[in-house]
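Observations on the model geometry
Chain residues, written in single-letter form:
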Amino acid sequence: MMGAAAAPVAIGGGILSAYSQIQQGKAGVKAANRQQAYYNDQAGQVIAQGDFEADLASEQGRQVAASQRTGFAANGIEVGTGTAGRVEQSTLDMAAQDADQIRRNAFNQAFGLVEQGNETVRQAKAGYRTSRFNAMGSLLTGGSQAYSFLKR
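The following paragraphs examine the structure supplied in this document. (Residues numbered from 1 in each chain as written. Predicted model: local features only at pLDDT ≥ 70, side-chain atom pairs only at ≥ 80, totals over all residues. Heavy atoms only, no water.)

Here we come to the pattern of salt bridges. Counted by the stated rule, this structure contains 6 salt bridges. With a closest N to O distance of 2.6 Å, Arg69 and Glu88 form a salt bridge. In this pair, Arg69 sits in helix H1 (residues 2-74) while Glu88 sits in helix H2 (residues 82-151), placing the two residues 19 residues apart along the sequence. Overall, the relative accessible area of 35% leaves Arg69 in the partly exposed class. Counted as one network, the salt bridges with shared partners bring together Asp51, Asp55 and Arg103. (Salt bridge = Lys/Arg side-chain N within 4 Å of Asp/Glu carboxyl O. Helix = DSSP H or I, 4+ residues; strand = E, 2+ residues; numbered from the N terminus. Buried < 20%, exposed > 50% of the residue type's maximum accessible area, 1.4 Å probe, protein only.)

With that out of the way, let us pick up the side chain of Thr91. Position of Thr91 among the secondary structure elements: in helix H2. Thr91 has contacts with Gly61, Val64, Ala65 and Gln68, leaving out every residue within four places of it along the chain. (Contact = heavy atoms within 4.5 Å.)

Turning next to the environment of Asn33. By the secondary structure assignment, Asn33 is in helix H1. C-alpha separation for the pair Asn33 and Ala124, spaced 91 residues apart in sequence, amounts to 8.8 Å.

This is how it looks when you write it as structure tokens:
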């Protein structure tokens, strides 16, 4: 008679264990999705900061070129041509290269953040799949235990 009373407990334990495992998997995916949203927000902020810094580098390059131009003109050198023109253009080109590098670095950093968020979600989904398999195992174990108790 003891076996018949224990059978429902074994089944109930298996069901509770399965439910708990599935809920943990779902909670993991939900948390990963929130984390991914955070990483995506961070990536947007990195891009915006990179654009700001790149614009600042371009503006600084234009200011240096303007100062060079003023200096050349103050010394009676014809600006915009010859060596003076090449120096000014070189300054502007270097500022443009700096701005491009700043933007590339920001993009790479943002891409890394987005990938980190995607990987977090991938891992959580894999964990959820595992929790579902484990839940099935708990149900089978509970059923097997119940059968053993009934068989006694």
